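Letter by letter, the chains look like this.
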Amino acid sequence: MKKQKAAIITGITGQDGSYLAEYLLKKGYRVYGMVRRSSTETFERIHHIVDRVELVQADLLDQLSIINVIKKIRPVEIYNLASQSFVPTSFEQPVLTGEFTALGVTRMLEAVKLVDRKIRFYQASSSEMFGHAPYTPQCLKTPFHPRSPYGVAKIYGHWITINYRESYKIFAVSGILFNHESPRRGKEFVTRKISCGVAKIKLGIEKELRLGNLEAKRDWGFAGDYVEAMWLMLQQSQPRDYVVATGETHSVRDFVKKAFSYVNLNWKDYVVIDPALYRPAEVHVLKGDPTEAQKRLKWKPKVDFERLIEMMVDADLQKVSDTIKPTIPA
Ligand code: NAP
Ligand code: GDD
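Residues numbered from 1 in each chain as written. Chains lettered and ligands numbered in written order. Predicted model: local features only at pLDDT ≥ 70, side-chain atom pairs only at ≥ 80, totals over all residues. Heavy atoms only, no water.

S.K.: Give a description of the site of ligand 1 that names residues and reports values.
M.R.: Around ligand 1, the structure places 24 residues, and the nearest of them are Thr13, Asp16, Arg36, Ser85 and Tyr150. Between serine 83 and ligand 1, the recorded distance is 2.9 Å, taken from a side-chain N or O atom to an oxygen atom. One of the side-chain nitrogen or oxygen atoms of tyrosine 150 is found 2.6 Å away from an oxygen atom of ligand 1. Starting from 900 Å² of accessible surface for ligand 1 in isolation, the protein chains cover 89%. (Near = heavy atom within 4 Å. Polar contact = N/O pair within 3.5 Å; in protein donor to acceptor, adjacent residues only side chain to side chain. Areas by Shrake-Rupley, 256 points an atom, 1.4 Å probe, with all protein chains shown as cover.)

Structure, rendered in C-alpha cells:
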C-alpha cells in the first residue's frame, strides 16, 4: 500500500492555514499543524477538521521546538504560513515582526537543512514587498520597495528562502501572493472589516463604519483559490518563485460601494473616514501579473471580485444574525 504523505503547515490556525489543511486532506495527506502555545484554543477556523489533523506545539521564535517537530514528523512538504501578518501591527511592533516574519523563516529552513534536505519548503511571501512599486502590474522582475516593517521582514524571508535553495539545493520556493480574502479573514483586515460592518449595519446593530484610506488599490482574490497555487508550486520538477494574483485591481472605495449596495444600502450614509486609520507609509496600488503561474502551474483563480464580496457579506450576515437570535427557553 502507498504510504500517506505527511505535510506540516505552520500557521494552520490562520486564514490560509485552514484552507490549505482542507485542501491537503482532500489530496490524501496526513496533515500536521504547528501551533504555538496559548492559554485558550485558537481553533475557530479549523474546528470542523480538528479531529482529522494533528496539532503539534512549536513556536517560530524557538529553534529547538521546530527541529524537534520536523524530526518527529519527517514530512515531505512544509508550508510556512505562520507570521505576524497585520501591517499596522508591524509599525507598532517592528522588532517582534522581524523575529516572527523574517528570522522565523531562517529557523524553519535551518531545521529543514539539519533534519532532511529533501523536504520541500513553501514560504508565504507577499505583494507588500513591492510596496511603492515603480510600475504596474508587478511581476518577479519588479524591484522591491517595502513600505512597512512587515514588508521589509517579508523581503528577508523571500531572500533567505532563495539563499537556502541556492546554497544547500533545498527545494524551497517563495510564493509572492497578492491579497486574498475569505469569510475566515481576520476582522482587522479591511475587506472583513467592511463585510462585518455591512452585516451589523444591515441588521441594526451598528450605525457607522470607520475606515482609513479609501483610495488604496489592491489585487484581491479568494484564499481558497490561492492555497491550490501553494500546493502546485511544490509539485513542480524544479523549484522557482511565483507571483500569484488575479491581475485586477480595485480600490477600497469600490469594495465598500459594492458591499453596501449588495444589501441595498448607500455606503455614503454610513462610512466615516477616520484619519487615525491612515498608515505612516501607504502602499497605494498593487496589481499582480500572474502570467507565469497560469502558464507553468496551470493555475487560475475561480472566484472573482463581485463573488468574493457577496460570499463575505453573506457569511457575516449569517454569523451576525446567529448571535442576535433570541434564545428559546428549554
Ligand atoms: P493569519 O490569518 O494572520 O495567520 C497567521 C498564522 O500565523 C496564525 O495561525 C498564527 O497563529 C501564526 N503565528 C503567528 N506567530 C506565530 C509564532 N510565533 N509561532 C507559530 N505560529 C505563529 O495570516 P494569513 O492571512 O492566513 O496569511 C498566511 C501567511 O501568508 C502569512 O505569513 C502572511 O503574512 C502571508 N500572506 C498573506 C496574504 C493574504 O492576503 N492573506 C498575502 C500574502 C502573504 P495564532 O492563531 O496563534 O495567532
Ligand atoms: N486594515 C484596514 N483597516 N485597512 C484599511 C482601513 C481600515 O480601516 N481603511 C483603509 N484601509 C486600507 C489600508 O490602508 C490598505 O491600503 C488597504 O486598506 C488594505 O489593508 P489590509 O486589508 O489591512 O491589507 P494589507 O494590504 O495591508 O495587507 C494584507 O495583504 C498583504 C498582501 O499584499 C495582509 O494580508 C498581509 O499579510 C499581506 O501580505
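Resuming the write-up.
S.K.: Account for the packing of helix 6 (residues 190-202) against helix 10 (residues 305-324), naming residues and giving values.
M.R.: The geometry of helix 6 relative to helix 10 is characterised by a closest axis approach of 8 Å and an angle of 50 degrees between their N-to-C directions. In terms of orientation, helix 6 lies oblique with respect to helix 10. By crossing handedness, the relation of helix 6 to helix 10 is classed as right-handed. Residue-level contacts link Thr191, Arg192, Ser195, Cys196, Val198, Ala199, Lys200 and Lys202 of helix 6 to Met312, Val313, Asp316, Leu317, Lys319 and Val320 of helix 10. (Axes fitted to C-alpha atoms, helices over the stretch in contact; angles between N-to-C directions. Helix = DSSP H or I, 4+ residues; strand = E, 2+ residues; numbered from the N terminus. Parallel < 35°, antiparallel > 145°, perpendicular 65-115°, else oblique. Left-handed = near helix turned anticlockwise from the far one by under 90°. Contact = heavy atoms within 4.5 Å.)

S.K.: If you had to explain the site of ligand 2 to someone new, which residues and values would you point to?
M.R.: Around ligand 2, the surrounding shell holds 23 residues, and the nearest of these are Ser126, Ser127, Tyr150, Arg279 and Glu282. One of the backbone N or O atoms of valine 190 is found 2.8 Å from an oxygen atom in ligand 2. The protein chains hide 95% of the 720 Å² of surface that ligand 2 would expose on its own. Both domain 1 (6-181 + 221-244) and domain 2 (190-218 + 248-286 + 303-324) contribute no fewer than three residues apiece to the shell around ligand 2. (Domains from an automatic or database assignment.)

S.K.: Outline the pattern of salt bridges, listing residues and values.
M.R.: Tallied over the entire structure, the rule returns 19 salt bridges. The residue arginine 107 makes a salt bridge to glutamate 99 at a minimum N-O spacing of 2.7 Å. The partner of arginine 165 in a salt bridge is aspartate 241, with the nearest N and O atoms 2.8 Å apart. One end of the pair, arginine 165, is in helix 5 (residues 149-168); the other, aspartate 241, is in the loop between helix 7 (223-234) and strand 11 (242-244), with 76 residues separating them in the sequence. Arginine 165 sits in the buried class, given a relative accessible area of 16%. Among the charged side chains, a network of salt bridges with common partners joins Arg240, Glu292, Lys295 and Arg296. (Salt bridge = Lys/Arg side-chain N within 4 Å of Asp/Glu carboxyl O. Buried < 20%, exposed > 50% of the residue type's maximum accessible area, 1.4 Å probe, protein only.)

Without other data, these values stay purely geometric and don't point to any function.
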